[in-house]
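Results of the structural survey
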Amino acid sequence: MTQSDDPLDALRRQYEALPYPDRDPAEEARRLVTGSPSHWPEVVHHLFAGRPPGGTLRILVAGCGTGDALTMLAQQTADAGLDVEITALDLSEASIAIARARIEARGLEARVRFMRRSLLEAPEIAAAEGGFDYIDCCGVLHHLSEPSAGFRALAEALKPRGGLGLMVYGEFGRTGVYEMQEALRALIPGDAAPVDRAAAARAVLDHLPETNRLRCNPLIKDHLDSDAGLFDLLLHSSDRAYRADTLMAEMEGAGLRHVCWIDPLRYDPALYLPEGQARDRAAALPPAGRAALAEALAGNMRKHIAYAVRADRPDDPRARMTPEAVPVFRDAATMRTFHAMPEGAPSLPITIDGLSLHLPLPGEAAPLLRAIDGKRGLEKIRKQLPDRPDKATFKRRFEAVFQPLNGFSKLFLRR
Ligand SMILES: C[S@@+](CC[C@H](N)C(=O)[O-])C[C@H]1O[C@@H](n2cnc3c(N)ncnc32)[C@H](O)[C@@H]1O
């Protein structure tokens, strides 16, 4: 195979010319970019039963790009006082340089080592360390010429009780993307320099009729932000989208067990169905069928975010509602929002990818939410509530609050 025939080489050339996403390390002084997968309280809840394993945590960021998940993981695990060794892999030296500068801007360089390697080599990198406790792979697997090989490599690199957080593109939410990719392939020579191709594509996009399906899709905005975003979305040499059930089958084929989606409730078809027969039929479907149905009904899933563990692991890795479990909000801003919830305002407003929902909360939600401070366990919270509910009443009330809040990744449990 000549160098230009090698699919990894085409990927490397793109990301050397246009590191993605477009980031300025100077911005680290002002804000931390956060998101899923790999938001640390979310990982601890869904993969480590509320408490990360002791000792040095080994983390792999497979395809770190310019460092969004890497920087978040390095910072959040440092804030949590954890001893971690993070390995960040990418094919692109230019992307690694930006990620490294972001890590250095935060003084976190002792926690991270960078390698210009393919994630397909993850098993051999892992072998030298006894495997990884956590692997992040966000927005990479769908770009591989053989994604199954990538899924398998990551599964093999996990410790027996390790976990994986991944993001791949979803099909229906990307309506309009694939026909525009095809049109641009016909119009713009693939051998031109990436920046020239991006400029030529922008000229075409600026003239699109208002009926064009990409223009009609309000969920897709990456191409509007930067050349790197435009190239990644519309001129990529290799890109496929998954439906939820195909993704679950892909994971299973790689020796992984799907633990949950983010956000979990979005994948419950009941959210989009009237009460009655339709909901009952949906509830009777197997998990992959339910997720696929939810995806078809919602129509707005641009990407799928999932957590997984090795298929040979027998237990459920998610945290449980024990009396000692400590509920923690996603972050300080989320805590402020919920602490400010007025009495008798029992609904949770959610706007996500164009969908606005009002999820019902129990009438007594406000004092319960105010009692959640990320320090007190459930039993202490129960005793502190103004009406001192008995254990069974408290359990029902907490479940009714936890289900929608955890279902939209606002609230987690820690041990
Ligand atoms: C769309 S970017 C995503 C970057 C980052 N994970 C994020 O979510 O911001 C994809 C990145 O994966 C890298 N990549 C693609 N194939 C790879 C492979 N086989 N091994 C390692 N990195 C790869 C690219 O160089 C690029 O930086």
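Keep in mind it's a predicted model, so treat the numbers as computed, not measured.

Some thoughts on the site of the ligand
Near the ligand you find 20 residues, and of these Gly 63, Asp 90, Ser 118, Leu 119 and Cys 138 are the closest. Here Leu 119 contributes a backbone N or O atom positioned 2.8 Å from a nitrogen atom of the ligand. Starting from 590 Å² of accessible surface for the ligand in isolation, the protein chains cover 96%.

What about the side chain of His 46?
With respect to the helices and strands, the residue His 46 is situated in helix 2 (residues 40-47). Here His 46 falls in the buried class, since its relative accessible area comes to 2%. Non-local contacts of His 46, meaning those with residues more than four positions away in its chain, are made with Val 259, Cys 260, Ile 262, Pro 264, Tyr 307, Pro 317, Arg 318, Asn 406 and Phe 412.

A short note on the packing of helix 8 (residues 194-206) against helix 11 (residues 227-234)
Across the interface, helix 8 lies against helix 11 with an axial gap of 10 Å and an inter-helix angle of 80°. By the angle class used here, helix 8 and helix 11 are roughly perpendicular. Across from Pro 194, Arg 197, Ala 198, Ala 201, Arg 202 and Leu 205 in helix 8, the residues of helix 11 making contact are Asp 227, Leu 230, Phe 231 and Leu 234.

Thoughts on the sheet that holds strand 1 (residues 57-62)
Whether parallel or antiparallel, the strands of a sheet pair through hydrogen bonds between backbone atoms. If you walk across this open sheet you meet the seven strands as 3-2-1-4-5-7-6, and the pairing is mixed. Either end of the sheet is taken by a strand with one partner, and the two such strands are strand 3 (112-115) and strand 6 (256-262). Neighbouring strand axes in the sheet, compared pairwise and without regard to direction, differ in orientation by 20° on average. Here strand 5 (residues 158-169) pairs with strand 7 (residues 303-310) via seven bridges, running antiparallel. Among the inter-strand pairings, Leu 164 is bridged to a residue of strand 7, identified as Ala 308. Packed onto the sheet, helix 12 (residues 244-253) meets strand 5, strand 6 and strand 7 and runs at close to 145° relative to strand 6.

Observations concerning the nonpolar core
Counting 37 residues, the largest nonpolar core has Leu 119, Ile 135, Leu 141, Phe 151, Leu 154, Leu 166 and Leu 256 as its most contacted members. Excluding residues within four positions of it along the chain, Leu 154 makes contact with Leu 60, Ala 62, Leu 119, Ala 122, Ile 135, Cys 137, Leu 141 and Leu 164. Val 43, Ile 86, Ala 99 and Val 309 belong to the second largest nonpolar core, which has 30 residues in total.

Quick notes on helix 7 (residues 177-187)
Because the α-helix completes a turn every 3.6 residues, residues three or four places apart line up on one side. Within the span of helix 7, buried status applies to Val 177, Met 180, Gln 181 and Leu 184. Viewed end-on, helix 7 has its buried residues packed into an arc of 105°, placing them on one side of the element. The outward face of helix 7, more than 90 degrees from its buried face, is lined by the exposed residues Glu 182, Arg 185 and Ala 186. Where the residues of helix 7 are buried, they touch helix 8, helix 9 (213-216) and helix 11.

Describing the packing of aromatic side chains
Scanning all chains against the criterion turns up seven aromatic pairs. The interplanar angle of 70° and the centroid separation of 6.2 Å between the aromatic rings of Phe 151 and Tyr 242 together place this pair among those described as edge-to-face. Of the two residues, Phe 151 sits in helix 6 (residues 147-157) while Tyr 242 sits in the loop between helix 11 and helix 12, which places them 91 residues apart along the sequence. With a centroid separation of 4.4 Å and 10° between ring planes, the pair formed by Trp 261 and Tyr 267 is classed as stacked. The burial state of Trp 261 is the same as that of Tyr 267; both residues are buried. These aromatic residues form a ring-pair network of at least three members: Trp 40, Phe 48 and Tyr 134. Here the guanidinium or amino end of Arg 174 rests over the ring plane of Tyr 169, the centre of that ring lying 3.4 Å away.

So, the pairing of strand 10 (residues 355-360)
Examined bridge by bridge, strand 9 (residues 347-352) and strand 10 share six bridges and lie antiparallel to one another. Of the residues in strand 10, the one forming a bridge with Leu 348 is Leu 359. In textbook terms, the turn of a hairpin is the stretch between consecutive antiparallel strands, and for strand 9 and strand 10 this stretch comprises two residues, one of which, Asp 353, has a positive phi near 45°.

Some remarks on the domain arrangement of the protein
Segmenting the protein into domains produces domain 1 (3-169 + 242-310), domain 2 (173-234) and domain 3 (326-414). Using C-alpha coordinates to define each centre, domain 1 is positioned 25 Å away from domain 2. For the pairing of domain 1 and domain 2, the buried interface totals around 1,200 Å² over both sides, and the portion due to carbon and sulfur atoms is 64%. The largest per-residue losses of area from domain 1 upon contact with domain 2 belong to Leu 18, Tyr 20 and Arg 302, which jointly make up 48% of the total buried on that side. Summed over the shared surface of domain 1 and domain 2, the number is zero salt bridges. Where domain 1 packs against domain 2, one counts five residue pairs in polar contact (both at pLDDT 80 or more). With three residues, helix 1 (residues 7-17) is the largest single contributor of residues to the side of domain 1 that touches domain 2. Taken together, the residues that form the side of domain 1 that touches domain 2 break down as seven nonpolar, four polar and two charged.

Rules used throughout
Sequence order sets the numbering: in each chain, residues are counted from 1 along the sequence as written. Where totals are concerned, whole chains, interfaces and linings use all residues; where local detail is concerned, this predicted model gives features only for residues with pLDDT of at least 70, and gives and counts side-chain atom pairs only at 80 or more. Each side-chain value is derived from all of the structure's non-hydrogen atoms; neither hydrogens nor water enter the calculation. Near is defined per residue: the residue qualifies when any heavy atom it owns lies within 4 Å of the molecule or strand. Polar contact is the term for a pair of N or O atoms within 3.5 Å; when the atoms are in protein, one must be able to donate a hydrogen and the other to accept it, and sequence-neighboring residues count only if both atoms are side-chain atoms. Only the protein chains shown count as cover for residues, and the accessible areas themselves come from Shrake-Rupley with a 1.4 Å probe. Only DSSP runs of H or I reaching four residues or more are called helices, and only runs of E reaching two or more are called strands; each is numbered from the N terminus. Accessible area is worked out with a 1.4 Å probe on protein chains only. A residue is then buried under 20% of its type maximum, exposed over 50%, and partly exposed in between. In this description, contact between two residues means that some pair of their heavy atoms is separated by no more than 4.5 Å. Lines fitted to the C-alpha atoms define the axes, with helices restricted to the stretch that makes contact. Angles between their N-to-C directions range from 0 to 180 degrees. Here is the rule for angles: anything less than 35 degrees is roughly parallel, anything more than 145 is roughly antiparallel, 65 through 115 is roughly perpendicular, and the remaining ranges are oblique. For two strands to pair, DSSP has to find at least two bridges joining them. Throughout, nonpolar core names a set of buried Ala, Val, Leu, Ile, Met, Phe, Trp, Tyr and Cys residues whose side chains join them through atoms within 4.5 Å. What the arc describes is the spread of directions from the helix axis to the C-beta atoms. For Phe, Tyr and Trp, where Trp contributes only its six-membered ring, two rings pair if their centres lie within 6.5 Å, and the inter-plane angle classes them as stacked under 30 degrees, edge-to-face over 60, or tilted in between. Whether a charge sits over a ring comes down to the Lys NZ or Arg CZ being within 6 Å of the ring centre and within 35 degrees of the ring normal. Segment limits for the domains were obtained from an automatic or database-derived domain assignment. Here the quantity called buried area is the total loss of accessible area, with a 1.4 Å probe, experienced by two parts when brought into contact, counted for both. The working definition used for a salt bridge is a side-chain nitrogen of Lys or Arg within 4 Å of a carboxyl oxygen of Asp or Glu. Residues were grouped as follows: Ala, Val, Leu, Ile, Met, Phe, Trp, Tyr, Cys and Pro as nonpolar; Asp, Glu, Lys and Arg as charged; and all remaining residues, including Gly, as polar.

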